[in-house]
Amino acid sequence: MSDHELAPVLRIKGRVLVGPDEVRDGLWAVDGRITYERPQGADDAVTLTGWVLPGLVDAHCHVGLGHEGPVDAATAEKQALTDREAGALLIRDAGSPSDTRWTDEREDLPKIIRAGRHIARTRRYIRDFAHEIEPGDLVAYVAQEARRGDGWVKLVGDWIDRDAGDLAACWPRGEVEAAIAEAHRLGARVTAHCFAEDSLRDLVEAGIDCVEHATGLTEDTVPLFAERGVAIVPTLVNIATFPRLAAGGEDRYPRWAAHMRRLHASRYDTVRAAYDAGIPVFTGTDAGGSLAHGLIADEVAELVKAGIPPVDALSATAWGARRWLGRPALEEGAPADLVMYDEDPRRDVRVLASPRAVVLNGRVRG
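Overview of the structure. The structure presented is a predicted model; accordingly, all values stated were derived computationally and were not measured.

**A few points about the overall build of the chain**
Broken down by element type, the chain carries 12 helices and 20 strands. With respect to the three principal axes, the spread of C-alpha positions in the chain is 70 × 40 × 35 Å. With 366 residues in all, the chain has 56% of them scored as buried. For the chain, the proportion of contacts with a sequence separation of at least 24, taken over those separated by at least 6, is 66%. In the chain, which carries 44 positive and 59 negative side-chain charges, the distance between the mean positions of the two groups comes to 1 Å.

**Some details on the pattern of salt bridges**
Throughout the structure, instances matching the rule amount to 23 salt bridges. A salt bridge links Arg92 to Glu212, with the shortest nitrogen-to-oxygen separation between them at 2.7 Å. Of this pair, Arg92 sits in strand 7 (residues 88-93) while Glu212 sits in strand 15 (residues 210-213), and the two are 120 residues apart along the sequence. Owing to a relative accessible area of 0%, Glu212 belongs among the buried residues under this scheme. Between Asp337 and Lys111 there is a salt bridge, and its shortest N-O distance comes to 2.6 Å.

**Here's the deal with the side chain of His131**
Along the chain, the position of His131 falls in strand 10 (residues 131-133). At a separation of 3.1 Å, a polar atom in the side chain of His131 contacts the side chain of Glu145. The residues contacting His131, other than those within four sequence positions of it, are Arg117, His118, Ile119, Ala120, Tyr141, Gln144, Glu145 and Arg148.

**Side note on helix 3 (residues 173-185)**
For helix 3, with 13 residues, the first-to-last C-alpha span of 18 Å sits near the 18 Å given by 1.5 Å per residue. Every buried residue of helix 3 is listed here: Val176, Ala179, Ile180, Glu182 and Ala183. Each buried residue of helix 3 sits inside an arc of 160° when the element is viewed along its axis, so together they form one side. Looking at the buried side of helix 3, the elements it contacts are helix 2 (138-148), strand 14 (189-194) and helix 4 (200-205). Of the residues flanking the end of helix 3, it is Gly187, one or two places downstream, whose phi is positive at about 85°.

**A closer look at the pairing of strand 4 (residues 46-54)**
Here strand 1 (residues 10-17) runs beside strand 4; their pairing, made up of seven bridges, is parallel. Residue pairing across strands places Arg15 opposite Trp51, the latter belonging to strand 4. Bridging between strand 4 and strand 18 (residues 338-341) involves four bridges; their strand directions are antiparallel. Across the sheet, residue Leu53 finds its bridge partner in strand 18, namely Val339.

**Let's talk about the pairing of strand 2 (residues 23-30)**
As paired strands, strand 1 and strand 2 are joined by six bridges and run antiparallel to one another. Bridging across to strand 2, Arg11 finds its partner in Trp28. Taken together, strand 1 and the strand that follows it, strand 2, pair antiparallel across an intervening segment of five residues. In this structure, strand 2 lies alongside strand 3 (residues 33-35), joined through three bridges in antiparallel fashion. Among the inter-strand pairings, Trp28 is bridged to a residue of strand 3, identified as Thr35. Counting the residues between successive antiparallel strands, the hairpin from strand 2 to strand 3 contains two residues, one of them, Asp31, with a positive phi of roughly 50°.

**Details of unusual backbone geometry**
Generally, phi is negative for residues other than glycine and the peptide bonds are trans, each holding for most cases. Positive phi, normally seen in glycine, also occurs at Asp31, with a value near 50°. Within the element layout of this structure, Asp31 appears in the loop between strand 2 and strand 3. With phi around 60°, Arg123 is a residue other than glycine that occupies positive phi space. For Arg123, the position within the fold is in the loop between strand 9 (119-121) and strand 10.

Cut-offs used in this document
Residues numbered from 1 in each chain as written. Predicted model: local features only at pLDDT ≥ 70, side-chain atom pairs only at ≥ 80, totals over all residues. Heavy atoms only, no water. Helix = DSSP H or I, 4+ residues; strand = E, 2+ residues; numbered from the N terminus. Buried < 20%, exposed > 50% of the residue type's maximum accessible area, 1.4 Å probe, protein only. Contact = heavy atoms within 4.5 Å. Lys, Arg positive; Asp, Glu negative; His and termini not counted. Charge placed at Lys NZ, Arg CZ, Asp CG, Glu CD. Salt bridge = Lys/Arg side-chain N within 4 Å of Asp/Glu carboxyl O. Polar contact = N/O pair within 3.5 Å; in protein donor to acceptor, adjacent residues only side chain to side chain. Expected span 1.5 Å × (residues − 1). Arc of directions from axis to C-beta. Pairing = 2+ DSSP bridges.

It is worth stressing that arrangement in space is one thing and function is another; only the former is reported here.
Here it is in structure tokens:
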């Protein structure tokens, strides 16, 4: 008998935030699914109380990745459990060299939407993270990762060019256009790691669907993103590391270090300008590699610090993020994946840091 089959009937009492402005008085979880109708077995239900959000979304996370590359299954499991404890029950894994398909059989672990393995230019990314290729092979590798992933492909759009001593775009425009067209033909969306300014226009005009980090947005490219509906995942908890990175590379690459500091200094203004222009903004922590897992509450708080209203920052990790990724929230019949809090998170997003209860597939997990 599976963990799912053993799930008890749960009665969730309190205030259920079905949407930013839609609040219901409670719900039930039966056989791992949400219902708003009183079910059979209600008298024996386990009762939980609190404010309820759909399971949070970390839309830029790397389960199975450590600072030196792929990690073993035990470490990947700990990463996923840490994210679950923080309330992140839906993860878009934005590039990993590890095969994490085994997690799909684990009903106690967050659901993962995979982008396959990063695709980077030769010697233009972190060692052992990505497929490192030249432009002539880009279309073939995008097709390969589109078939391996769950509807997403991840490019490394820019990285330090050691000859130039600064960040620089990785791919010629023509190859990017062909690769994105191939991904779309195969039913996959494409996102790209981009710190700097000069890769953005080509990627957006080539039809990209999302940009990670997006610290290089300018007054010229913000309207282009908004017009094309290209989303960004700012990963502000990761951008906070830029001064430390700059200090470490100052002696060898002073231009790059100065550039990274400028991008860091303008990060909040950049995110607020994107939001004000109507660019879709979603939460991602960039956990894995050098950053710890379980930071989704910190990322939401960073969006608010950047000037995004609290309810919209919540939507970036809850209702809006799930809609963007094509996954249900708290609808009738949806998987009972939800997080409960002592207070209304719309009033103060900092309550996300202290979940009262985590329910995944209809079972209390924390």
